[in-house]
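# Architecture and fold: a report
Next come the chains, spelled out residue by residue.
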Amino acid sequence: MNSLIEILPTDITTLKVDAIVNAANTSLLGGGGVDGAIHRAAGPELLAECRTLNGCETGNAKITKGYRLPAKVVIHTVGPIWHGGTRGESGLLRNCYLSSFRLARLNDVKSIAFPAISCGVYGYPPLKAACIALSVARDEATEGHFDRIVFALFTAETLKAYRDAAAELNL
Ligand code: AR6
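Fair warning: this is a prediction, and the values are worked out from it, not measured in the lab. (Residues numbered from 1 in each chain as written. Predicted model: local features only at pLDDT ≥ 70, side-chain atom pairs only at ≥ 80, totals over all residues. Heavy atoms only, no water.)

Note on placement: Asn60 falls in the loop between helix H2 (44-51) and strand S3 (61-65). In the structure, Asn60 is positioned 32 residues away from Leu92 in sequence and 8.5 Å away in space, judged by C-alpha atoms. Apart from the residues within four sequence positions on either side, Asn60 is in contact with His76, Thr77, Val78 and Ser99. (Helix = DSSP H or I, 4+ residues; strand = E, 2+ residues; numbered from the N terminus. Contact = heavy atoms within 4.5 Å.)

So, about the side chain of Ser135. Its place among the elements puts Ser135 in helix H4 (residues 126-143). Among residues more than four places away in sequence, those in contact with Ser135 are Arg94 and Leu169.

Counting residues in each nonpolar core, the largest one holds 38 residues, and the members touching the most others are Tyr97, Ile112, Phe114, Leu134, Ile149, Phe151 and Tyr162. For this core, the elements supplying multiple residues, two or more each, are strand S1 (5-9), strand S2 (19-24), strand S4 (73-78), helix H3 (89-106), strand S5 (111-114), H4, strand S6 (148-153) and helix H5 (156-168). Setting aside chain neighbours within four positions, we find Tyr97 in contact with Phe114, Pro115, Ile117, Ile132, Ala133, Val136, Phe151 and Tyr162. Counting 14 residues, the second-largest nonpolar core is a separate cluster that includes Ile12, Leu15, Ala113 and Ala152. (Core = buried A, V, L, I, M, F, W, Y, C linked by side-chain atoms within 4.5 Å. Buried < 20%, exposed > 50% of the residue type's maximum accessible area, 1.4 Å probe, protein only.)

In structure tokens, the structure reads:
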């Protein structure tokens, strides 16, 4: 395993990193899953700031402060809804990771944690999603900007998928 990249079974809202990534929807106005957990932990100021952002397109990312979270900032990205793989889902999911890392670099984020974007209600197959997430992270890790890249996995299924993908990619 590349030492910068960690696969952890954990609640992303507890992590003291520079940035956590939220798996949001295009409204950026909150929802269930990890989005709901992040808004609950950050407090109402997060929603107030999100209201000023005019939403976010699928595959893109926007940044806010972290408010009551241990993380300094939240990078909100919108993953694709899985439709069977024929509607550009893999490119869109890859863009989520690329946009989030780009925004992180621009904001001097050195440590970043991701949830399994799109692997909950959006239905993306976890192993396919994990291969995309880890291959983008591996490229970023070799660039030298980041000190720590964490994948915070909340379910046994996603944890196994990320571990299997890491083995497949020889990480
Ligand atoms: N920490 C880490 N991962 C978590 C946490 C947590 N606290 N809570 C849930 N997960 P989902 P999506 C996992 O559904 O598929 C929202 O309503 C969860 O088990 O949160 O991208 C948004 O507003 C799953 O493995 O995100 C959108 O409408 C992963 O996070 C929609 O859901 C992602 O599941 C986005 O769907």
